[in-house]
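Report on the structure
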Amino acid sequence: MNITNDIVTSYIETLYKNDNPRLRELRAFAEERHVPVILKDTEGLLLNILRIKKASHVLEIGSAVGYSACCFADSCGCKVITVESDKEAYDAAKSNISELGFSDKVQVRFGDARDVLLQMAAEKETFDVVFIDAAKSHYREFWDLALPLCSQDALVICDNVLMKGMTVSDEYDPGRRYKTSIRKMREFIKYITHLEYADTCVLPVGDGVSVSVIDKDLYIL
Ligand SMILES: C[S@@+](CC[C@H](N)C(=O)[O-])C[C@H]1O[C@@H](n2cnc3c(N)ncnc32)[C@H](O)[C@@H]1O
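The name given to the protein in an unreviewed UniProt entry is O-methyltransferase, with the source organism recorded as Lentihominibacter hominis.

Structure follows, in structure tokens:
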């Protein structure tokens, strides 16, 4: 189910373009195997945001097969560190990044992002964009761990925040199967939209994308 009108979504899909044939192939490969990769309209939004921001160092939580990480590096030449906890996905991401020629720009790290980000903080790594696209029920933990890694005016972008409409209304989860993750996502959205150190907007693009600008001067560890 789309969170926007199906006719609008289909029309926007017809406008999609990615000029890199290898990335188009990787998207097709992932889609055929039902590997979740960023939706086409989300991709368009993120790549333009990265270019407007002139992003140089991007942290991604949730690599899957490495598709979005390669798109980021391809669109603006930024360095990307992407973190993946599933061994099979990690291996696939590593080999795709290498085969597509992005090994000098994209580094994939294996492990639960909640552990890997702690190590990165100890190594004093910083990023001007963080993209959170992993287990939805852990978004608050990912956010808290990503904040110390952000530079001044960094962007923290979270995917799937509208959860196919379920964040907005229980009617989209009639069997109440996702009750806990819905509650956690609502709490997360409320949290990030009421912070003094972050300005956040939530966009009904793809499965819902939040974009937060971080004022490090107002952020106290
Ligand atoms: C939606 S997919 C990522 C898609 C990718 N960003 C793209 O668009 O090409 C989410 C990925 O997050 C990974 N993941 C889930 N929880 C994680 C965690 N705690 N730490 C690291 N990776 C995690 C999953 O194994 C899955 O491969």
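Observations regarding the overall build of the protein
Tallying secondary structure elements over the protein gives 8 helices and 7 strands in all. Computed over the C-alpha atoms, the radius of gyration of the protein is 17 Å, within 12% of the 17 Å expected from 2.2 N^0.38 for a compact globule of 221 residues. Taken over the C-alpha atoms alone, the protein extends approximately 45 × 45 × 35 Å along its principal axes. Taken over 221 residues, the protein has a buried fraction of 47%. Between the centroid of the 27 positive side chains of the protein and the centroid of its 35 negative side chains there is a distance of 1 Å.

Some points on the environment of K54
Structurally, the position occupied by K54 is in the loop between α3 (40-53) and β1 (57-61). The spacing of K54 and C201 is 147 residues in sequence and 20 Å in space, taken between C-alpha atoms.

Digging into the site of the ligand
Close contacts around the ligand come from 20 residues, with I38, G62, E84, A113 and D133 the closest. Measuring from a nitrogen atom of the ligand, one finds a side-chain N or O atom of E60 at 3.3 Å. A113 is positioned such that a nitrogen or oxygen atom in its backbone is 2.9 Å from a nitrogen atom of the ligand. Summarising the interface, the protein chains cover 86% of the accessible area of the ligand, which totals 610 Å² for the free molecule.

With respect to the packing of aromatic side chains
What characterises a pair of aromatic rings is the spacing of the ring centres plus the angle enclosed by the ring planes. Enumeration over the complete set of coordinates arrives at 6 aromatic pairs. Here the aromatic rings of F72 and F131 are separated by 5.7 Å at their centres, their planes lie at 80°, and the arrangement is edge-to-face. One end of the pair, F72, is in helix α4 (residues 67-76); the other, F131, is in strand β4 (residues 127-132), with 59 residues separating them in the sequence. Residue classification places F131 among the buried residues on the basis of a relative accessible area of 1%. Taking 4.9 Å as the distance between ring centres and 70° as the angle between the ring planes, the aromatic pair formed by Y197 and Y219 counts as edge-to-face. In this pair, Y197 sits in the loop between α8 (179-193) and β6 (198-203) while Y219 sits in the segment after β7 (209-214), placing the two residues 22 residues apart along the sequence. Taking relative accessible area as the criterion, Y219 reaches 16% and is therefore assigned buried. Among the aromatic residues, ring-to-ring pairing joins Y139, F142, W143 and F188 into one connected group. Positioned above the aromatic ring of Y191 is the side chain of R140, whose terminal nitrogen or guanidinium carbon lies 3.5 Å from the ring centre.

Examining the packing of α3 against α4
Close contact between α3 and α4 brings their axes to 9 Å; oriented N to C, the two are set at 40°. Between α3 and α4, the angle is such that the two are oblique. When you trace α3 past α4, the crossing you get is right-handed. On α4, the residues that touch E43, L46, L47, L50 and R51 of α3 are Y67, C71, F72, S75 and C76. Of the residues assigned to the contact of α3 with α4, the class counts are 7 nonpolar, 1 polar and 2 charged.

Conventions we followed
Residues numbered from 1 in each chain as written. Predicted model: local features only at pLDDT ≥ 70, side-chain atom pairs only at ≥ 80, totals over all residues. Heavy atoms only, no water. Helix = DSSP H or I, 4+ residues; strand = E, 2+ residues; numbered from the N terminus. Rg over C-alpha atoms; globule rule 2.2 N^0.38 Å. Buried < 20%, exposed > 50% of the residue type's maximum accessible area, 1.4 Å probe, protein only. Lys, Arg positive; Asp, Glu negative; His and termini not counted. Charge placed at Lys NZ, Arg CZ, Asp CG, Glu CD. Near = heavy atom within 4 Å. Polar contact = N/O pair within 3.5 Å; in protein donor to acceptor, adjacent residues only side chain to side chain. Areas by Shrake-Rupley, 256 points an atom, 1.4 Å probe, with all protein chains shown as cover. Phe/Tyr/Trp six-rings, centres within 6.5 Å; stacked < 30°, edge-to-face > 60°. Lys NZ or Arg CZ within 6 Å of the ring centre and 35° of its normal. Axes fitted to C-alpha atoms, helices over the stretch in contact; angles between N-to-C directions. Parallel < 35°, antiparallel > 145°, perpendicular 65-115°, else oblique. Left-handed = near helix turned anticlockwise from the far one by under 90°. Contact = heavy atoms within 4.5 Å. Nonpolar A, V, L, I, M, F, W, Y, C, P; charged D, E, K, R; others polar.

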